[in-house]
Amino acid sequence: MENNLTKGNVLKTLIYFSLPFLLSYFMQTLYGMADLYIIGQYYGTASTTAVSIGSQIMHMITVMIVGLAMGTTVLIGQAVGAKKSEDISTVIGNTITLYMGIAVVLMIVVLMCINPIVNIMSTPSEAIAGTKLYLTICFIGIPFITAYNLISSIFRGLGDSKSPMYFIAIACVANIVFDYIFIGYFHLDTAGAALGTTLAQTLSVIVSLLMIMKRKMIHLSLSDLKIQSKTVKDLLSIGVPVACQDGFIQVSFLVITIIANRRGLDVAAAVGIVEKMISFMFLVPSSMLSSVSALAAQNVGANEHIRASKTLQYACTIAVSWGLLMVIVMHFFSYPLIGMFSDSESVVTLACQYMSGYVWDCVFAGIHFSFSGYFCAYNLSLISFIHNSISIICVRIPFAYLSAIYFPSTLLPMGLASASGSLISVLICIGVFIYMKRKGKLNGQVV
């Protein structure tokens, strides 16, 4: 059932393992962009803005769930590398009990807070009703979003990155079909976009569970579902810092969105479109983060620390190469690509300005994402939380705020704010890595 990732050529193993990750993220981003694209074909700027704001909120919740699930991937990976099969079942069972309980509580809380959330986002008045409806439907689907990400984290910890790719492929195709049915045929506007996303995710979970039961891929007993304090502590010690880190990053994006929303409907729509496109450009950096954490965790468990370091090195090289490619593509083709999402000349122009600065974040984020995955493999996810917090508090948010005051006619400086924050994270990560290597904390037993 497990796939051993501690042998063979490091670069080949990384590429082979990360490709399904990349395709998974691509399809997940595709169906997220599909909502925005399809709603834009049938309705106006208000509906586009509502889906954009609502999807940003949902993306923040989703990445935090993914962050929590990182603890599962790392602990299972370490157990596989150390060949401790009994620990695998315990981690899986405790993951199910702990995080599904959290998902239900989270669903109830956010459903009660829809009005404050919409107000905090400074949602333009024309988009308030659509945003509330979109969020209500999507919030109800939180347990299914959690279930999908937990199942994916389990498979990836076992060294299987292909199965999650199949699950998300089902969701992607279903979401596009549902969107055209609910938005195009039934004319449900933003409610149709939310229904398409939620039902597609639900279908994906059902199919994945049926496959697991049919193939008997995971074996659990009732005792495995019983909470064990040490296992829960380990899950949370890794997952919580990553979830907080990812959530904090999304909060910074939301703050930028709020600043944009206060500058008018065109600016709000422009920022929303670019955020969707950037999520596509972050496919490779995101896949490196997840791949490094899974591969390095198995190597750490097997005491193959040199392989873990080489995995980090190759991941950074791949991510930077991709980021530079995106900079070149956006320099020459940003206008026609952004124009696919809006027929408003003003919105497209503003979005191009924002993109020209923001795209550099793809280069720097790829590096610190890879380091974050590496630190997680050593149970040092707190480092990632710290460097992201510093970059957000000291750079991203202040720079975005000041750019709105001193550069009211362009969105270029606001885009550069995110890239500058990531650059700070890169410098911190490199410094911490060198320091801890010299101290021997990344060469011996798991910290």
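Figured I'd write up the structure that's included with this text. Fair warning: this is a prediction, and the values are worked out from it, not measured in the lab.

**Re the nonpolar core**
Met-58, Phe-139, Met-355 and Tyr-374 are the most contacted members of the largest nonpolar core, which totals 141 residues. A per-element tally of this core places helix 2 (residues 45–82) first, with 15 residues. When near neighbours in sequence (up to four residues on either side) are disregarded, Tyr-374 contacts Val-292, Ala-308, Ser-309, Leu-312, Phe-433, Lys-437 and Leu-442.

**Here's the deal with the packing of helix 12 (residues 283–301) against helix 15 (residues 361–377)**
Two numbers describe a pair of packed helices, the interaxial angle and the distance between the axes. The interhelical angle for the contact between helix 12 and helix 15, taken along N-to-C directions, is 25°, at an axis separation of 7 Å. With respect to helix 15, the axis of helix 12 lies roughly parallel. The way helix 12 lies across helix 15 gives a crossing that is right-handed. Along its contact with helix 12, which presents Pro-285, Ser-286, Met-288, Leu-289, Val-292, Ser-293, Ala-296, Ala-297 and Val-300, the element helix 15 presents Cys-362, Ala-365, Gly-366, Phe-369, Ser-370, Ser-372, Gly-373, Tyr-374 and Ala-377. Split into classes, the residues belonging to the contact of helix 12 with helix 15 amount to 12 nonpolar, six polar and no charged.

**Concerning the pattern of salt bridges**
By the definition in use, this model includes two salt bridges. Two residues, Asp-234 and Lys-230, come together in a salt bridge whose shortest N-O distance is 3.0 Å. Residue Asp-234 and its partner Lys-230 are located together in helix 10 (residues 229–261), separated by four residues, close to a single helical turn. In this structure Asp-234 comes out as partly exposed when scored by relative accessible area, which is 22%.

**Concerning a nonpolar patch on the surface**
A surface patch of nonpolar side chains, about 570 Å² in accessible area, is lined by Val-173, Val-177, Ile-181, Tyr-185, Phe-186 and Leu-188. Here Val-177 is to be found in helix 7 (residues 162–185).

**Some points on the packing of aromatic side chains**
Here the structure, examined in full by the defined rule, presents 11 aromatic pairs. Relative to Phe-433, the ring of Phe-371 lies with its centre 5.6 Å away and its plane at 70°, an arrangement referred to as edge-to-face. Placement of the pair is Phe-371 in helix 15 and Phe-433 in helix 17 (residues 412–438), with a sequence separation of 62 residues. For Phe-433, a relative accessible area of 18% corresponds to the buried category. Measuring from centroid to centroid gives 5.2 Å for Tyr-374 and Tyr-378, while their planes differ by 55°, and the two rings are tilted. Aromatic ring contacts, followed pair by pair, group Phe-371, Tyr-374, Phe-375, Tyr-378 and Phe-433 into a single cluster.

**Some details on unusual backbone geometry**
The phi torsion at Asp-189 lies on the positive side, around 55°, for a residue other than glycine. Following the sequence through the fold, Asp-189 ends up in helix 8 (residues 189–215). Residues other than glycine seldom take positive phi values, yet Asn-379 does so here, at roughly 60°. On the secondary structure map, Asn-379 appears in the loop between helix 15 and helix 16 (381–406).

**Examining the environment of Val-395**
Its location among the elements puts Val-395 in helix 16. On the basis of relative accessible area, Val-395 is assigned to the buried category, the value being 8%. With residues near it in sequence (within four places) discarded, Val-395 still touches Ile-390, Ala-400, Ala-417, Ser-420, Gly-421 and Ile-424.

**Digging into helix 16**
Side chains that are three or four residues apart share a direction in an α-helix, a result of its 3.6 residues per turn. Taking 1.5 Å of rise per residue, the 26 residues of helix 16 would be expected to cover 38 Å, and the 36 Å separating its terminal C-alpha atoms lies within 8% of that figure. Largest kink in helix 16: about 45°, centred on Ile-392.

**Points about the state of the cysteines**
The final tally for this structure, using the stated rule, is zero disulfides. In this structure Cys-316 is a free cysteine whose sulfur lies 8.8 Å from that of Cys-429, the closest cysteine sulfur available.

Cut-off values and rules
- Residues numbered from 1 in each chain as written.
- Predicted model: local features only at pLDDT ≥ 70, side-chain atom pairs only at ≥ 80, totals over all residues.
- Heavy atoms only, no water.
- Core = buried A, V, L, I, M, F, W, Y, C linked by side-chain atoms within 4.5 Å.
- Buried < 20%, exposed > 50% of the residue type's maximum accessible area, 1.4 Å probe, protein only.
- Helix = DSSP H or I, 4+ residues; strand = E, 2+ residues; numbered from the N terminus.
- Contact = heavy atoms within 4.5 Å.
- Axes fitted to C-alpha atoms, helices over the stretch in contact; angles between N-to-C directions.
- Parallel < 35°, antiparallel > 145°, perpendicular 65-115°, else oblique.
- Left-handed = near helix turned anticlockwise from the far one by under 90°.
- Nonpolar A, V, L, I, M, F, W, Y, C, P; charged D, E, K, R; others polar.
- Salt bridge = Lys/Arg side-chain N within 4 Å of Asp/Glu carboxyl O.
- Patch = residues over 30% accessible without salt bridge, like charges linked within 9 Å, V, L, I, M, F, W, Y side chains within 5 Å.
- Areas by Shrake-Rupley, 256 points an atom, 1.4 Å probe, with all protein chains shown as cover.
- Phe/Tyr/Trp six-rings, centres within 6.5 Å; stacked < 30°, edge-to-face > 60°.
- Expected span 1.5 Å × (residues − 1).
- Bend = angle between axes of the 7 residues up to and from the residue.
- Disulfide = S-S within 2.5 Å.

Keep in mind that these numbers describe shape and distance, not what the molecule does.
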